[in-house]
Amino acid sequence: MTPITGLDLTGFTEREPGLWTDERGLVLSVHFFPLVPDLPAPLEEPDRLRAGLAHGVAGAGAGLIDAELGTVDGVPAVRQVVKVPRPNGRGQVFLGSWTVPKAHCSTVLKVQAAEGATTGHREATVMAQVGPDAYFRPHPYAPGLRGALPYHVGDHEQWDPHFPDHPLTLVRAALHRITPTVTLDERFKTFPPFGAQPAR
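The text that follows walks through the structure, step by step, so that each part is easy to find. (Residues numbered from 1 in each chain as written. Predicted model: local features only at pLDDT ≥ 70, side-chain atom pairs only at ≥ 80, totals over all residues. Heavy atoms only, no water.)

1. A short note on the nonpolar core
General note: in soluble globular proteins, nonpolar side chains tend to be found buried as a group.
Thought 1: Core analysis: the biggest nonpolar cluster contains 28 residues, and Leu7, Leu26, Leu28, Leu109, Ile178, Val182 and Leu184 have the highest contact counts within it.
Thought 2: For this core, the leading source of residues is helix H4 (residues 167-178), giving six residues.
Thought 3: Contacts of valine 182, omitting those with residues within four sequence positions, involve Ile4, Gly6, Leu7, Val72, Asp73 and Leu109. (Core = buried A, V, L, I, M, F, W, Y, C linked by side-chain atoms within 4.5 Å. Buried < 20%, exposed > 50% of the residue type's maximum accessible area, 1.4 Å probe, protein only. Helix = DSSP H or I, 4+ residues; strand = E, 2+ residues; numbered from the N terminus. Contact = heavy atoms within 4.5 Å.)

2. Topic: helix H2 (residues 121-130)
Thought 1: When H2 is considered as a whole, its buried residues turn out to be Arg122, Glu123 and Val126. Along the axis of H2, the buried residues cluster in a sector spanning 95°; they form a single face. Residues of H2 that are exposed and angled more than 90 degrees away from the buried face: His121 and Ala128.
Thought 2: Buried residues along H2 sit against strand S7 (92-101), helix H3 (132-135) and H4.
Thought 3: Glycine 131, located one to two residues past H2, shows a positive phi value of around 90°. (Arc of directions from axis to C-beta.)

3. Some points on the environment of valine 108
Thought 1: Structurally, valine 108 is set in strand S8 (residues 106-114).
Thought 2: The spatial distance from the C-alpha of valine 108 to the C-alpha of glutamate 157 is 22 Å, given a sequence separation of 49 residues.
Thought 3: If near-sequence neighbours (up to four positions away) are discounted, valine 108 is found in contact with Ile4, Ser29, Val30, His31, Phe33, Ser97, Trp98 and Thr99.

4. Some points on the side chain of aspartate 22
Thought 1: Along the polypeptide, aspartate 22 turns up in the loop between strand S3 (19-21) and strand S4 (27-33).
Thought 2: There is a polar contact of 3.1 Å between the side chain of aspartate 22 and the backbone nitrogen of glycine 25.
Thought 3: From its side chain, aspartate 22 meets the backbone nitrogen of leucine 26 in a polar contact 2.9 Å long.
Thought 4: Aspartate 22 has contacts with Gly11 and Phe12, leaving out every residue within four places of it along the chain. (Polar contact = N/O pair within 3.5 Å; in protein donor to acceptor, adjacent residues only side chain to side chain.)

5. Observations regarding the pairing of strand S5 (residues 63-72)
Thought 1: Here S5 runs beside strand S6 (residues 75-85); their pairing, made up of nine bridges, is antiparallel. Of the residues in S6, the one forming a bridge with glycine 70 is alanine 77.
Thought 2: Between the end of S5 and the start of S6, which pair antiparallel, lie two residues, with aspartate 73 showing a positive phi angle near 50°. (Pairing = 2+ DSSP bridges.)

6. Points about the packing of aromatic side chains
Thought 1: Tallying each qualifying case throughout the model produces two aromatic pairs.
Thought 2: Measuring from ring centre to ring centre gives 5.8 Å for phenylalanine 188 and phenylalanine 191, while their planes differ by 70°; the resulting arrangement is edge-to-face.
Thought 3: A relative accessible area of 36% places phenylalanine 191 in the partly exposed class. (Phe/Tyr/Trp six-rings, centres within 6.5 Å; stacked < 30°, edge-to-face > 60°.)

7. Describing the sheet that holds S5
Thought 1: The antiparallel open sheet is built from seven strands, whose spatial order is S2-S3-S4-S8-S7-S6-S5. Two strands in the sheet have a free side with no partner beyond their single neighbour: strand S2 (13-16) and S5. In this sheet, adjacent strand axes meet at a mean angle of 20° when their direction is disregarded.
Thought 2: Two elements, S4 and S8, share seven bridges in a ladder whose sense is antiparallel. When the bridges of S8 are listed, serine 29 appears paired with lysine 110.
Thought 3: Here H4 sits on the sheet and contacts S4, S5, S6, S7 and S8; the angle it forms with S8, its principal contact strand, is near 145°. (Axes fitted to C-alpha atoms, helices over the stretch in contact; angles between N-to-C directions.)

8. Some details on the pattern of salt bridges
Where side chains of opposite charge bring their charged atoms close, a pairing between them can arise.
Thought 1: Inspection of every chain in the model, using the stated rule, returns 12 salt bridges.
Thought 2: One salt bridge connects arginine 172 with aspartate 66, and the closest N-O pair in it is separated by 3.7 Å. On the criterion of sequence distance, the pair formed by arginine 172 in helix H4 and aspartate 66 in strand S5 is long-range, its members being 106 residues apart.
Thought 3: Look at aspartate 66 and you get buried, because its relative accessible area is 12%.
Thought 4: Members of the salt-bridge network, linked through shared partners, are Asp66, Arg79, Arg122, Asp160 and Arg172. (Salt bridge = Lys/Arg side-chain N within 4 Å of Asp/Glu carboxyl O.)

So, to be careful, I would describe these as geometric facts and stop short of saying anything about function.
The following block contains the structure:
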């Protein structure tokens, strides 16, 4: 069980408790972790949080596309969009998630989709439009970061309308649609916030 008590599952089919898929290859899942959240900084320190997330994701062989602060059902949270090399084969898997952290636990909503037989089309098209010199950029959260997956403008959301069936586009669109429909257990909402100092 998770503190997520409701969300719009239109188009999704339940595969097992807490996991759903749709016809376009999206996988939606909800999770609960009864541990102090593994975030590198409090939400109140966004620059340090984003830099720490970028380094942590790169250290795992993946790439952080963006990290944004917001709320889920009124509770402070952090949204991450990450790209990961496919474990078996060419291409990448794109993951979008909301982590809703509390002092001693967290709940996570995650959407993911993998590239299929065709890979690299989005990247090649964007690079042809902006030029190779403008395509690759230092990571905005950690300019000196060198990771297995480089940061580039092809992953920016502004390109999503040009590639409506790309897995990154689908992941972001699903998060945008589903997030406003999420409801959280009222008891979870009252838990001490992440980063709160324990009472002495």
